[in-house]
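Coordinate analysis (summary)
What follows is each chain in one-letter form.
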Amino acid sequence: MISDKIQAALNTQINVEQYSAQLYLAMSAHCDGLGFKGFAHWLRIQAGEETAHATKLIDFLLDRRGRLDLQPIAAPPREFGSVIEVFEKSLAHEEGNTRKINALFELARSEKDPASEIQLQWYVTEQVEEEANVGLVVDHLHAVGDKGGAIWYLDSRMGKRAARVQP
């Protein structure tokens, strides 16, 4: 069995992951509206990953005989500014998610729940990758700026991102 405290925290994180999926869909639509189909594609793939992260937590919670308690998902913004601003906001969002995952990991450790701690280790590692991936896009965007041919080249590269299978 899973403790009530861990169960509540996992349910909260499931909501965070689902909000992240909605946020990335909104960012994707925003980039699409700006004519950047490649960045829109990259963000759409990211939304799918966030949904997979939520599903992985749901499965873990249910496998532990916990209760899923879905909450309303806050509506994300619709406007994000330039493509550079979109990805800067995405990086800030991922940094916030990292803090939440780390706090959840620490809770599992303090509750002496090794199963949750082991499961959450995957999320800790995933957040390192998430921040690195978004940070690289931000670095590239800062290098090329938001005007001229280089951003369109970068847009075409972002359109080649393939969805990956989540473990």
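**Comments concerning the packing of helix 4 (residues 114–144) against helix 5 (residues 149–158)**
- Closest axis-to-axis distance for the helix 4/helix 5 pair is 9 Å, and the angle between their directions is 160°. Judged by the inter-axis angle, helix 4 sits roughly antiparallel to helix 5. With respect to the hand of their crossing, helix 4 and helix 5 are arranged in right-handed fashion. Contacts from Val-137, His-140, Leu-141 and Val-144 in helix 4 reach Ala-150, Ile-151, Leu-154, Arg-157 and Met-158 in helix 5.
- Tallied by class, the residues present in the contact of helix 4 with helix 5 amount to seven nonpolar, one polar and one charged.

**As for the packing of aromatic side chains**
- Applying the stated criterion across every chain, the model contains five aromatic pairs.
- Aromatic pair Phe-36 and Phe-39: ring centres 5.8 Å apart, planes at 70°, arrangement edge-to-face. Neither residue differs from the other here; Phe-36 and Phe-39 are each classed as buried.
- Their ring planes at 65° and their centres at 5.4 Å tell us that Trp-42 and Phe-87 sit as a pair that is edge-to-face. Of this pair, Trp-42 sits in helix 2 (residues 37–63) while Phe-87 is found in helix 3 (residues 83–110), placing the two residues 45 residues apart along the sequence.
- For Trp-42, a relative accessible area of 7% puts it in the buried group.

**A closer look at a nonpolar patch on the surface**
- Together, Leu-62, Leu-68 and Leu-70 make up a nonpolar patch on the protein surface, roughly 250 Å² of accessible area in all.
- Residue position: Leu-70 is located in the loop between helix 2 and helix 3.

Rules behind the numbers
- Residues numbered from 1 in each chain as written.
- Predicted model: local features only at pLDDT ≥ 70, side-chain atom pairs only at ≥ 80, totals over all residues.
- Heavy atoms only, no water.
- Axes fitted to C-alpha atoms, helices over the stretch in contact; angles between N-to-C directions.
- Helix = DSSP H or I, 4+ residues; strand = E, 2+ residues; numbered from the N terminus.
- Parallel < 35°, antiparallel > 145°, perpendicular 65-115°, else oblique.
- Left-handed = near helix turned anticlockwise from the far one by under 90°.
- Contact = heavy atoms within 4.5 Å.
- Nonpolar A, V, L, I, M, F, W, Y, C, P; charged D, E, K, R; others polar.
- Phe/Tyr/Trp six-rings, centres within 6.5 Å; stacked < 30°, edge-to-face > 60°.
- Buried < 20%, exposed > 50% of the residue type's maximum accessible area, 1.4 Å probe, protein only.
- Patch = residues over 30% accessible without salt bridge, like charges linked within 9 Å, V, L, I, M, F, W, Y side chains within 5 Å.
- Areas by Shrake-Rupley, 256 points an atom, 1.4 Å probe, with all protein chains shown as cover.
- Salt bridge = Lys/Arg side-chain N within 4 Å of Asp/Glu carboxyl O.

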